[in-house]
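Read off the chains here:
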Amino acid sequence: MDTVARVVIQEQDFDLSAEVAALRGRDTGVGAVCCFVGTVRDRNDGASVSTLELEHYPGMTEKAIEAMIDEAMRRFDIRAARVVHRIGPLQPQEQIVLVAVTSAHRGESFQACEFLMDYLKTQAPFWKKEQTPTGARWVDARVSDDAALARWGIASRNG
Amino acid sequence: MKITVRYFASIREAVGRGSEALDTAAATLGGLRDELIARGEPYAPALARGKAVRLALDQVMSDEAAALREGAEVAFFPPVTGG
């Protein structure tokens, strides 16, 4: 378990079963695994999307997500967490992000998974650029993403 | 003092480069932003006051009041949209 990286930024796709197996490792105390997988939609803000390009800030991205996982470990009784985020060009239906969390009981991993995703949307340095029929455009941050983080008592400076 | 400045996403495109080494007299990140705006094109429109510009100091989300130091890595970028 300890040899599995908690944060992975990669261009290639990921396999949910393999990721969960790696996260669980030999931990026999795991009673719940909660996973969130984000995928590319073919429509956004009223336009069709043919390609989604993801840019990140190498170095800072990994550090920011590591800090988020540390915070999740403090807040929730979870055993392990792993975030895989893809970069580069992606097509509709492709997987973008995985947040996976293990705990003894389901409530803690459900909560931690949502917390990590809310945190990631507003605090991890990734940017999305869409190819639409009228050209390329950067995706705007959503005010609702900041509101989602505020539920956890954290003020976001993002949106 | 000598620092490194990095730009990402729409701000990188507007400035026309991903990073540069600078010798600045600014004491804070806000002061650095003003110094870059004062250069005019292409920095002024890219970093204009009123635009949603987020900052990082040494790879940690920060704000304009943060103090600069020798060798710092500063980043300017738009609000993040990952996930």
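These lines cover the structure that appears in this document, whether it is placed above or below. (Residues numbered from 1 in each chain as written. Chains lettered and ligands numbered in written order. Predicted model: local features only at pLDDT ≥ 70, side-chain atom pairs only at ≥ 80, totals over all residues. Heavy atoms only, no water.)

### Observations regarding the overall build of chain A
- Broken down by element type, chain A carries four helices and 10 strands.
- Against the compact-globule benchmark of 15 Å for 159 residues, chain A has a radius of gyration of 16 Å, which places it among compact chains.
- In terms of overall dimensions, chain A has C-alpha extents of about 50 × 35 × 25 Å along its principal axes.
- Only carbon and sulfur atoms are counted for the fraction: they give 47% of the accessible area of chain A, which is about 7800 Å².
- Averaging the positions of the 19 positive and the 23 negative side-chain charges in chain A gives two centres separated by 2 Å. (Helix = DSSP H or I, 4+ residues; strand = E, 2+ residues; numbered from the N terminus. Rg over C-alpha atoms; globule rule 2.2 N^0.38 Å. Areas by Shrake-Rupley, 256 points an atom, 1.4 Å probe, with all protein chains shown as cover. Lys, Arg positive; Asp, Glu negative; His and termini not counted. Charge placed at Lys NZ, Arg CZ, Asp CG, Glu CD.)

### Topic: the interface of chain B and chain A
- Counting residues at the interface gives 23 residues for chain B, matched by 28 residues for chain A.
- For the chain B and chain A pair, buried surface summed over both sides reaches about 2100 Å², with 52% attributable to carbon and sulfur atoms.
- In terms of surface lost to chain A, no three residues of chain B exceed Gln 59, Thr 81 and Gly 83 of chain B, which account for 32% of the buried area on that side.
- A salt bridge links Glu 13 of chain B to Lys 129 of chain A; the shortest N-O distance between them is 2.4 Å.
- Our count for the contact surface shared by chain B and chain A stands at 16 residue pairs in polar contact (both at pLDDT 80 or more). (Contact = heavy atoms within 4.5 Å. Buried area = accessible area lost by both parts, 1.4 Å probe. Salt bridge = Lys/Arg side-chain N within 4 Å of Asp/Glu carboxyl O. Polar contact = N/O pair within 3.5 Å; in protein donor to acceptor, adjacent residues only side chain to side chain.)

### So, the sheet that holds strand β4 (residues 60-62) of chain B
Residue and element names in this part refer to chain B.
- One open sheet accounts for five strands, arranged β2-β1-β5-β3-β4; its pairing is mixed. Each edge of the open sheet is held by one strand with a lone partner, namely β2 (19-23) and β4. Each strand of the sheet is rotated relative to its neighbour by a mean of 30 degrees, with strand direction disregarded.
- Both strand β1 (residues 2-7) and strand β5 (residues 73-77) contribute to a ladder of four bridges, which runs parallel. Each residue of the ladder has a partner; that of Tyr 7, found in β5, is Phe 76. (Pairing = 2+ DSSP bridges. Axes fitted to C-alpha atoms, helices over the stretch in contact; angles between N-to-C directions.)

### Some thoughts on the pattern of salt bridges
- Taken as a whole and assessed by the stated rule, the structure comprises 21 salt bridges over all chains.
- The residue Arg 12 of chain B makes a salt bridge to Glu 55 of chain A at a minimum N-O spacing of 2.5 Å. Within this pair, whereas Arg 12 of chain B is found in helix α1 (residues 9-15), its partner Glu 55 of chain A is found in strand β5 (residues 51-56), the two belonging to separate chains.
- Between Glu 20 of chain B and Arg 39 of chain B there is a salt bridge whose closest N-O contact spans 3.5 Å. Placement of Glu 20 of chain B in strand β2 and of Arg 39 of chain B in the loop between α2 (29-37) and α3 (43-47) is noted, with a sequence separation of 19 residues between them.
- Beyond isolated ion pairs, a larger network of salt bridges with shared partners links Arg 33, Asp 34, Arg 49 and Glu 64 of chain B.

### Here's the deal with the sheet that holds strand β1 (residues 7-10) of chain A
Residue and element names in this part refer to chain A.
- Pairing is mixed across the open sheet formed by four strands, whose spatial order is β1-β6-β8-β2. Of all strands in the sheet, those with a lone pairing partner are β1 and β2 (32-39), marking the two edges. Ignoring which end each strand starts from, the neighbouring axes of this sheet average 10 degrees apart.
- Where β1 meets strand β6 (residues 78-86), four bridges bridge the pair, whose relative direction is parallel. Counted as the bridge partner of Val 7 is Val 83 from β6.
- Packed on one face of the sheet, helix α1 (residues 16-24) meets β2, β6 and β8 (95-103) and runs near 30 degrees to β8.

### Considerations on the environment of Ala 48 of chain B
Residues and elements named next belong to chain B.
- When you line up the elements, Ala 48 lands in the loop between α3 and β3 (54-57).
- With relative accessibility at 23%, the residue Ala 48 sits in the partly exposed group.
- It is 9.6 Å that separates the C-alpha atoms of Ala 48 and Leu 36, two residues lying 12 residues apart in sequence.
- With sequence-adjacent residues up to four places away left out, Ala 48 is seen in contact with Arg 33, Ile 37 and Tyr 43. (Buried < 20%, exposed > 50% of the residue type's maximum accessible area, 1.4 Å probe, protein only.)

### A look at α1 of chain A
Residue and element names in this part refer to chain A.
- Those residues of α1 lying buried are Glu 19, Val 20 and Leu 23. In an axial view of α1, the angular spread of the buried residues amounts to 95 degrees, which keeps them on one side of the axis.
- Against β2, β6 and β8 lie the buried residues of α1.
- A distance of 3.1 Å separates the backbone nitrogen of Ser 17 from a side-chain oxygen at the start of α1, and that oxygen is part of Asp 15.
- Positioned one or two residues after α1, Gly 25 has a phi angle of 50 degrees, which is positive. (Arc of directions from axis to C-beta.)

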